[in-house]
Amino acid sequence: MSSAHTVFPVPEEVGRLYDRLTALDTGTVGGSLHLGYWDAEDDGVPLVEAADRLTDMMTDRLHVDENHRVLDIGCGVGQPAMRIARRTGAHVTGISVSRGQVARATALADAAGLRDRVEFRYADAMRLPFEDNSFDAAIAIESIFHMPDREQVFREIRRVLRPGGRLVLTDFFERDPIPAGLRSAMDRCLRDFIMTLARPEDYVPMLSRAGLRFTELLDITEECVRRTFDRMSRSRRGEGGLRTAFDAAAGEKFGPADMIDVDEFGAVLLAAQKPV
Ligand SMILES: C[S@@+](CC[C@H](N)C(=O)[O-])C[C@H]1O[C@@H](n2cnc3c(N)ncnc32)[C@H](O)[C@@H]1O
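I will try to describe carefully the structure that is included in this document. Sequence positions are assigned chain by chain, starting from 1 and proceeding in written order. In keeping with the model being predicted, local features are shown solely for residues with a pLDDT of at least 70 and side-chain atom pairs are shown and tallied solely at 80 or more, while totals for entire chains, interfaces and linings include all residues. As a convention, hydrogens and water are excluded, and side-chain values are obtained from all of the structure's heavy atoms.

A word on helix 4 (residues 99-111)
Threshold: Only DSSP runs of H or I covering at least 4 residues are called helices, and only runs of E covering at least 2 are called strands; the numbering of each starts at the N terminus. Take the residue count of a helix, subtract one, and multiply by 1.5 Å to get its expected span. The buried label applies to any residue whose accessible area, calculated with a 1.4 Å probe on protein chains only, is under 20% of its type's maximum; exposed applies above 50%, and partly exposed to all values in between. As used here, the arc belongs to the directions running from the helix axis to the C-beta atoms.
With 13 residues, helix 4 should cover 18 Å at 1.5 Å per step; its first-to-last C-alpha distance of 18 Å lies within 8% of that length. Every buried residue belonging to helix 4 is among Gln101, Val102, Ala105, Thr106 and Ala109, and all of these are buried. Seen end-on, helix 4 carries its buried residues on one side only, within an arc spanning 130°. For helix 4, the exposed residues lying more than 90 degrees away from the buried face are Arg99 and Ala111. Glycine 113 sits one or two positions beyond helix 4 and adopts a positive phi of about 70°.

Okay, structure coming up:
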């Protein structure tokens, strides 16, 4: 269940949003469309590397190698999928509801000589166009908050995973109720980015109803949200930080960088497994 926001994501609209972002994107985050991970405040690693670090932390939880097939749900322009394929040797299928992203990801994989190990398809996670038990693992990096029904996505993931197959994802969530004074700005931001926020207590019951066994829930707000938004807002103030396609799209509106002081806005890493 999602929090009581006014947003009901429609995959086609989300696809159009990402078509626009893909056209705007100058590759500032090295192709990854997700937060970075910094262990410590004074860790000076740039976002591109910190974003890859988050991908790697998640990939390590999949336990895959060259004999395995991985589904990347909400693949962006393919940087995480290509990194997973390079690091593990696994075959990775990335899906997105943005045709622009699928085309960009495919071109990047071609250029990288990785087309034998990665492929990208236009597909909606709510109705995965894959056979039962066809993947060894699934990953969803900052994509499920755009989907109309998290539990339905978990059901679909369970269906396409083989018994014992692992899922790891990151999501944004409402750590505590958003204060009344921030509610309308936050709602506007969620509407602009077509997102809903889950509540922390919802994850385990949702996974269990979908037939997946919960294995881990890690609050990564400090390491990811605070530290990425801090660097984004420094860039807005012209202090040589980072400007992302998201930031550009937010323009003068209340955007991700404004959430730096919103303690109630958090990120989680969630892991689960299909029972054997
Ligand atoms: C913030 S981007 C993250 C991209 C990528 N995981 C990364 O880390 O670079 C969100 C992604 O979710 C995808 N997405 C959103 N809703 C989707 C849906 N219903 N089915 C499949 N993909 C979806 C978007 O098209 C986009 O690729």
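Concerning the nonpolar core
Selection criterion: Side-chain atoms within 4.5 Å link the members of a nonpolar core, which is a set of buried Ala, Val, Leu, Ile, Met, Phe, Trp, Tyr and Cys residues. The contact rule is simple, with two residues in contact once any of their heavy atoms fall within 4.5 Å.
Core analysis: the biggest nonpolar cluster contains 51 residues, and Val70, Val118, Phe120, Ile139, Phe172, Met195 and Phe265 have the highest contact counts within it. With residues near it in sequence (within four places) discarded, valine 118 still touches Ala81, Met82, Ala85, His91, Val92 and Ala109. Among the nonpolar cores identified, the runner-up in size contains 30 residues, and Ala123, Ala125, Phe135 and Leu169 belong to it.

A closer look at the side chain of threonine 106
Along the chain, threonine 106 falls in helix 4. Once residues within four sequence positions are removed from consideration, threonine 106 is found in contact with Arg115 and Phe120.

A look at the pairing of strand 2 (residues 91-96)
Inclusion rule: Whether two strands pair comes down to DSSP finding at least two bridges between them.
In terms of residue burial, strand 2 counts as a mostly covered element, since six of its six residues are buried. Neither face of strand 2 is left uncovered, since the one carrying His91, Thr93 and Ile95 and the one carrying Val92, Gly94 and Ser96 both have all their residues buried. The sheet contact formed by strand 1 (residues 69-73) and strand 2 spans five bridges and is parallel. Residue arginine 69 lies in a different strand from strand 2, and its bridge partner there is histidine 91.

Quick word on the sheet that holds strand 2
Stated precisely, the cut-off is as follows: Lines are fitted to the C-alpha atoms to define the axes, a helix being fitted only along its stretch in contact, and any angle between axes, read from their N-to-C directions, falls within 0 to 180 degrees.
Within the open sheet, the seven strands sit side by side as 3-2-1-4-5-7-6. Their pairing is mixed. At either margin of the open sheet sits one strand with a lone partner, and together these are strand 3 (118-122) and strand 6 (213-219). Shown here is a sheet whose adjacent strand axes are inclined to one another by a mean of 15°, direction ignored. Contacts from helix 2 (residues 47-60) reach strand 4 (135-141), strand 5 (161-174) and strand 7 (265-273) within the one sheet, and its direction differs from that of strand 4 by about 150°.

Points about the site of the ligand
We apply this condition: Whether a residue is near a molecule or strand depends on its heavy atoms: it is near if one of them lies within 4 Å of it. Pairs of N or O atoms are called polar contacts if they sit within 3.5 Å, as long as, within protein, a hydrogen donor faces a hydrogen acceptor (for residues adjacent in sequence, only side-chain-to-side-chain pairs). All accessible-area figures derive from a Shrake-Rupley calculation using a 1.4 Å probe, and residue coverage is judged against the displayed protein chains alone. For this classification, the nonpolar set comprises Ala, Val, Leu, Ile, Met, Phe, Trp, Tyr, Cys and Pro, the charged set comprises Asp, Glu, Lys and Arg, and every other residue, Gly included, is treated as polar.
Around the ligand, 22 residues are found, and the nearest of them are Leu33, His34, Gly74, Gln101 and Asp124. With respect to the ligand, the side chain of aspartate 124 contributes an N or O atom lying 2.9 Å from a nitrogen atom. Contact with the protein chains covers 100% of the free accessible surface of the ligand, which is 600 Å². Looking at the shell around the ligand residue by residue, the class counts come to 11 nonpolar, nine polar and two charged.

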